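# Coordinates in review
Here's the letter readout for the chains.
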Amino acid sequence: MTKKATVITYGCQMNVNESAKIKKILENLGYELTDNIEETDIAFLNTCTVREGAATQIYGKLGEIKRVREQRGTKIVVTGCFAQEQGQELIKKFNYIDIVMGNQNIGRIPEAIEDIENRSAKHVVLTDYEDELPPRIDADFESKKTASIAITYGCNNFCTYCIVPYVRGRERSVPMAELVEEARELVKKGYKEIILLGQNVNSYGKGLSEEETFANLLQNICDIEGDFIIRFVSPHPRDFTDDVIDVIARNPKIARSLHLPLQSGSTRVLKLMNRGYSKEQYIALAEKIKERIPGVSLTADIIVGFPQETEEDFIDTLDVVEKVGFETSFMFMYSIRKGTKAAVMEGQIDDEVKKDRLHRLMSLQNSISKKLSMDYEGKIERVLVEGPSKKNKDMLSSRTSTNKIVLFKGDKSLEGQFVNVKINECKTWTLYGELMAD
Ligand code: 5AD
Ligand code: SF4
């Protein structure tokens, strides 16, 4: 009987990308992939550790899989950032875990499984990593229309709140020629949306030749023939150079949606965070981007309750949110990550204060999102069709270049195609429209 494998993914797009590679490796080993953990022979948890909540989620899932393991001997593999961070500790806490493996070791999955199944190893822990590029691994993407490519690995920024540089190591860039070739292959295979990934995409190319810059990479991918859209996450406001803005402005293939992590609107807190820009510099950058790329929508990550954040600092954050007008933002309460500089800073903020600030920020953001959504009314938008809507099977779900969800009535055969839709109704997070003839 064919053995079955399940891969459960937490965290960011980088983890989604790595899970797609894990799936391909498992398929090559003869496993059949399933989403149903009740029938699986080996379960992979690809984990995240960026914020406190991530661990709790993983512990819950581990408990669930343990029950299946007791019934059918399912092997359990924990990989990703939480695995990298915890290493051996995870086995000490949960001795039913078979394999703990960092992100950089996924190429060694076949030998790790072999060790557990045929060489009677009790546990395998692989969390060592080298500051070099991981081997290129084919990926099996869940979506037939969206694929992603990691352009850099690791991070050198050391924002004081962030654990990522400690778990993903130093920043390394993949040579441009390889990336362009990979993009070309994906377009040839029929993918319509290519997402470029890195912890700080616009510092791409450090250590490579002078021509290998993020702007040139974007331009070279745009030059690939075919109808497709390019997105990237995440740029760092400090490194957002004019040449990148110009390439985006020139190329309609690049999405009119930019994620520009703010983190805080207070220059004082930004300094404590080691972000490398001030409130005014951030606002100026956002304004420049909006001016040079008409119709662009901006989104951000924002943290409230960073150590020593005063009410005044928080009001600076609200002020930036108001002035820039993010289409949406991802808002978090600061949580301590052991080993980071901020973890040992004086002036940690009470949970109650953090919660209060988060609610106030969310309510401001919601009202802005709602207002910006109304601007779409009556417009004709070119959208990429993703497939039937999960909530309403009669409707197709699609996305605009600005990353807004549009639902409309249409035939399933449109899946994976670009079509024009007229927007008739605007809710905060979802637009409703009708298909236009070409
Ligand atoms: N606490 C809260 N939020 C954090 N982030 C990263 N580290 C922390 C932390 N310790 C947020 C940042 C980042 C996003 C991926 O997660 O906003 O951009
Ligand atoms: Fe989570 Fe950061 Fe790792 Fe992505 S890189 S999975 S956000 S810890």
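Residues numbered from 1 in each chain as written. Chains lettered and ligands numbered in written order. Predicted model: local features only at pLDDT ≥ 70, side-chain atom pairs only at ≥ 80, totals over all residues. Heavy atoms only, no water.

## Notes on the overall build of the chain
A count of helices and strands for the chain gives 13 helices and 19 strands. Relative to a compact globule of 438 residues, whose C-alpha radius of gyration would be 22 Å, the chain shows 22 Å and is just as compact. Overall size of the chain, expressed as C-alpha extent along the three principal axes, is 60 × 60 × 45 Å. Looking at the 438 residues of the chain, the share that counts as buried comes to 54%. Across the chain, the fraction of contacts at a sequence separation of at least 24, relative to all contacts at a separation of at least 6, is 72%. By element, 48% of the accessible surface of the chain is carried by carbon and sulfur atoms, the whole surface being about 20,100 Å². One way to put it: in the chain the 61 positive side-chain charges average out to a point 3 Å from where the 67 negative ones average out. (Helix = DSSP H or I, 4+ residues; strand = E, 2+ residues; numbered from the N terminus. Rg over C-alpha atoms; globule rule 2.2 N^0.38 Å. Buried < 20%, exposed > 50% of the residue type's maximum accessible area, 1.4 Å probe, protein only. Contact = heavy atoms within 4.5 Å. Areas by Shrake-Rupley, 256 points an atom, 1.4 Å probe, with all protein chains shown as cover. Lys, Arg positive; Asp, Glu negative; His and termini not counted. Charge placed at Lys NZ, Arg CZ, Asp CG, Glu CD.)

## So, the domain arrangement of the chain
If you check the domain split of the chain, you get domain 1 (4-126), domain 2 (146-374) and domain 3 (380-435). The C-alpha-based centres of domain 1 and domain 3 are spaced at 35 Å. (Domains from an automatic or database assignment.)

## Concerning the site of ligand 1
Residues in close proximity to ligand 1 include Val50, Arg51, Tyr161, Gln263, Asp301, Ile303, Phe332, Met333, Tyr334, Ser335 and Arg337, which together make up its full environment. Between an oxygen atom of ligand 1 and a side-chain N or O atom of Arg51, the distance comes to 2.7 Å. Asp301 is positioned with one of its side-chain polar atoms (N or O) 2.6 Å from an oxygen atom of ligand 1. Here ligand 1 has 410 Å² of accessible area as a free molecule, and 87% of this is covered by the chains. Counting residues per element, the ones that place at least two in the shell around ligand 1 are strand S13 (297-304) and strand S14 (328-333). Among the residues making up the shell around ligand 1, the classes are represented as 6 nonpolar, 2 polar and 3 charged. (Near = heavy atom within 4 Å. Polar contact = N/O pair within 3.5 Å; in protein donor to acceptor, adjacent residues only side chain to side chain. Nonpolar A, V, L, I, M, F, W, Y, C, P; charged D, E, K, R; others polar.)

## Observations concerning the site of ligand 2
Lining the immediate surroundings of ligand 2 are Cys12, Asn15, Cys48, Thr49, Val50, Cys81, Val164, Arg168 and Gln199. In terms of residue class, the shell around ligand 2 is made up of 5 nonpolar, 3 polar and 1 charged. Viewed by domain, the shell around ligand 2 spans two of them, domain 1 (4-126) and domain 2 (146-374), each represented by three or more residues.

## So, helix H2 (residues 53-72)
The terminal C-alpha atoms of H2 lie 29 Å apart, and with 20 residues this matches the ideal 28 Å at 1.5 Å per residue to within 8%. Regarding H2, the residues found buried are Ala54, Ala55, Ile58, Leu62, Ile65 and Val68. For H2, the arc enclosing every buried residue in end-on projection is 135 degrees, short of the 170-degree limit, so these residues lie on one face. Pointing more than 90 degrees away from the buried face of H2 are the exposed residues Thr56, Glu70 and Gln71. Buried positions along H2 lie against strand S1 (4-9), strand S3 (42-47), strand S4 (75-80) and helix H3 (81-86). Where H2 ends, the next residue or the one after it, Gly73, has phi of about 70 degrees, a positive value. (Expected span 1.5 Å × (residues − 1). Arc of directions from axis to C-beta.)

## Brief notes about the packing of helix H1 (residues 13-28) against helix H5 (residues 109-117)
The geometry of H1 relative to H5 is characterised by a closest axis approach of 10 Å and an angle of 55 degrees between their N-to-C directions. On the basis of their axis angle, the class for H1 and H5 is oblique. Two packed elements cross with a definite hand, and for H1 against H5 that hand is right-handed. Between H1 and H5, the residues in contact are Ile22, Ile25 and Leu26 and Ile109, Pro110 and Ile113, respectively. For the contact of H1 with H5, the class distribution of residues is 6 nonpolar, no polar and no charged. (Axes fitted to C-alpha atoms, helices over the stretch in contact; angles between N-to-C directions. Parallel < 35°, antiparallel > 145°, perpendicular 65-115°, else oblique. Left-handed = near helix turned anticlockwise from the far one by under 90°.)

## Observations regarding the nonpolar core
With 77 residues, the main nonpolar core has Leu196, Phe214, Leu217 and Ile289 as its most contacted residues. With sequence-adjacent residues up to four places away left out, Phe214 is seen in contact with Ile151, Leu196, Val201, Asn202, Tyr204, Phe232 and Val244. Counting 22 residues, the second-largest nonpolar core is a separate cluster that includes Ile37, Ala43, Leu45 and Val100. (Core = buried A, V, L, I, M, F, W, Y, C linked by side-chain atoms within 4.5 Å.)

## Notes on the pattern of salt bridges
What the rule picks out here adds up to 33 salt bridges. Arg108 is the partner of Asp128 in a salt bridge, and the nearest nitrogen-oxygen pair spans 3.8 Å. In this pair, Asp128 sits in the loop between strand S6 (124-126) and strand S7 (146-150) while Arg108 sits in the loop between strand S5 (99-101) and H5, placing the two residues 20 residues apart along the sequence. In this structure, the salt-bridge partner of Lys145 is Glu386, at a minimum N-O distance of 3.6 Å. Within this pair, whereas Lys145 is found in the loop between S6 and S7, its partner Glu386 is found in strand S15 (residues 380-388), the two being separated by 241 residues in sequence. When salt bridges with common partners are traced through the structure, they connect Lys145, Glu193, Arg231, Glu386 and Arg399 into a single cluster. (Salt bridge = Lys/Arg side-chain N within 4 Å of Asp/Glu carboxyl O.)

## Some details on the environment of Asn156
Its location among the elements puts Asn156 in the loop between strand S8 (152-153) and helix H6 (164-168). Separated by 73 residues in sequence, Asn156 and Ile229 have C-alpha atoms that sit 28 Å apart. Ignoring any residue separated from it by four or fewer positions in sequence, one finds Asn156 in contact with Arg170 and Glu171. At 2.9 Å, the side chain of Asn156 forms a polar contact with the side chain of Arg170.

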